[in-house]
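An overview of the molecular structure
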Amino acid sequence: MFDEGPVGDAAAPEKLARLSAEIAKATATREALKSLQVALEHANADRFVEACSAAEEALTHDPTLVLGWHLLGIGRDKLNQRGPALDAYERALSLSPADPDIAHDLGRLAFKLDMLPQAEALFRHCLSFKIGAREPSNNLGALLRRQMRFDEAIDVLRVALTAEPESAMLWLTLGTIVGDQGDIDQAEIFYSEALRLEPDYPKAHYNLANILFTQRRHDEAIAHCRRAIELSDVPQDSSMMRFALSTMLLARSELTEGWNYYDARLEPTYAEPIHFVVDRPRWTPGTDLAGRHLMLFGEQGLGDEILFANVIDDVLAELGPEGRLTVAVTDRLLPLFQRSYPTVRFGPHATLKGDGRAFRGAQFIKDWDEIDFWAPLGALLKTHRATLGQFPNRPAGYMKPDPARAQHWREALSALPGLKVGVLWTSLVIDSSRHLYFAPFDDWREVLQTPGVTFVNLQYGDQSGAIAQAREAFGVEIHQPVGIDLRNDLDDVAALSAALDLVIGFSNASFNIAAASGAPAWLIAVESAWTRLGTDRYPWYSQVRAYSPDTPGDWASVMRQIASDLTEAVEGGTRAVATG
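Residues numbered from 1 in each chain as written. Predicted model: local features only at pLDDT ≥ 70, side-chain atom pairs only at ≥ 80, totals over all residues. Heavy atoms only, no water.

**A look at the pattern of salt bridges**
If you walk through the whole model with that rule in mind, you get 35 salt bridges. The partner of arginine 265 in a salt bridge is aspartate 263, with the nearest N and O atoms 3.7 Å apart. Judged by relative accessible area, which is 4%, arginine 265 ranks as buried. Glutamate 370 is paired through a salt bridge with arginine 345; the nearest N and O atoms lie 2.7 Å apart. With glutamate 370 in the loop between strand E6 (357-361) and strand E7 (373-376) and arginine 345 in strand E4 (residues 345-348), the pair connects residues that are 25 residues apart, well separated along the chain. Classification of glutamate 370 as partly exposed rests on a relative accessible area of 26%. The exposure class assigned to arginine 345 is partly exposed, which follows from its relative accessible area of 28%. Three or more residues joined by partner-sharing salt bridges are found here, namely Glu120, Arg124, Arg149 and Glu152. (Salt bridge = Lys/Arg side-chain N within 4 Å of Asp/Glu carboxyl O. Buried < 20%, exposed > 50% of the residue type's maximum accessible area, 1.4 Å probe, protein only. Helix = DSSP H or I, 4+ residues; strand = E, 2+ residues; numbered from the N terminus.)

Now the structure itself:
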């Protein structure tokens, strides 16, 4: 996890000083200039509501006033009113298209809103006025990095570093790019250079911490992450850093402190936080739940909803026979959850996105007054999974696939020879950082060529390229189960998984469904993955065997080991698969 957002502050002192000089030279009505000056004074004092009002007043006198639209955009930007800020910046740029400052402010906001083509065009527009300018170069490099256009990003930063070799920010961004390419030693050098130039640079401490953690230099990594948190005065960065520290602590089995920092994901300043639309008291640790009605919201990704459901049995026991539990989950998971926990009321949560935020509610609840307390599902981990000893030994899992559909799949697969092994090799969410956590498909060759095995596709999404590669380059046909949508028919994915002898793959939603349903499963994950909780296994699912590379990026050796173990399993039969 590395910082990859755009840098720069729309209301930076030097920016406001330039605007002050421009106002002093501006030609406009006295009333408009007076309002502009008031808007600037409020902006300098961080009173952005008042700054917006004064800028709007100036624009009533002269709607073609570029400085008025720019100041209005800045004020709205600082108030996190992203849509209105975008409108104001666009008006300013349309009136003054040759102003690189306006273009950069607009580009930075477009980047935050994931309008990447527009942001790229705006950053390049800025650089056409000043080749190698620090902030536009940095932000263009970060944008290209997000799109995994690494060579282009390096070229942009190389030009900027030639102009400003003492820029710690540029060295930092260059480090993230080479790190994403897998060269963590070079990334460490670049982050260290950034810290040499600016010893109290919080993002450099943070990024270095992430690199050190992948190198298993855990104590150094955590020290740098804590230092980054101490130094950061940007709320968004602080939330990101606290969340990163939580994953490091959890990956070291330091669960109590790790879960406390894990709350950073719920902070309003966290990247893309979910705002829960609930008007009831929030559950807190120590609350007596006996006989009460608790409402839980599934959160984050679909796989996490399955993972965090690990605590539902514990919660039901705490509520007791007189208590009630209501849970909102992704609609595609409803049949599986309802069958698994028939005494729980389940319904779909709905998430609406607007102005760069996500709001999650549960419209199936008609009377909120009947709810005593609510919490995000992951919040219960703090008390119910505070130690490794609290993870139950449940080799049969805790989700219950449809028995009729599981029998259907056993019959459908019975004609296939050998062990029936489901495979999962990627995620639909692959970005500049996450790609390092998945083995290249080429490395699956030896596993997929294991004699005595029929491989069954569990990988959702369009995987026609990988399946064709397996057929043409590996000489292996990955069986395509007929009559199932692997992305949407999640209840049937659970049933199919239960009919298989083994599931092998990386942790995505389908892997978690299979493991929670009790399927024998072999997980492929880096040793530092926080969900491993510092163990050599996967505590959430007691029947899962875990594999990880001894050195970062050495997936080939992992896949050789899996191929060897799978060969032994073929010789030993399904019992050997189940018992490991």
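Next comes the rest of the description.
**Regarding the packing of aromatic side chains**
Applying the stated criterion across every chain, the model contains 23 aromatic pairs. Look at phenylalanine 297 and tryptophan 374: their rings are 6.0 Å apart centre to centre, the planes differ by 90°, and that puts the pair in the edge-to-face class. Here the residue phenylalanine 297 occupies a position in strand E2 (residues 293-297), and tryptophan 374 occupies one in strand E7, the gap between them amounting to 77 residues. With relative accessibility at 0%, the residue phenylalanine 297 sits in the buried group. Taking 5.4 Å as the distance between ring centres and 55° as the angle between the ring planes, the aromatic pair formed by phenylalanine 337 and phenylalanine 346 counts as tilted. Residues phenylalanine 337 and phenylalanine 346 agree in their burial class; the two are buried. By way of ring pairs, the aromatic residues Phe243, Trp259, Tyr262, Tyr270, Phe308, Phe391, Trp530 and Trp540 are connected into one cluster. Above the ring of phenylalanine 391, the side-chain terminus of arginine 385 is found at 5.5 Å from the ring centroid. (Phe/Tyr/Trp six-rings, centres within 6.5 Å; stacked < 30°, edge-to-face > 60°. Lys NZ or Arg CZ within 6 Å of the ring centre and 35° of its normal.)

Read these as layout, nothing more, since geometry by itself doesn't imply function.
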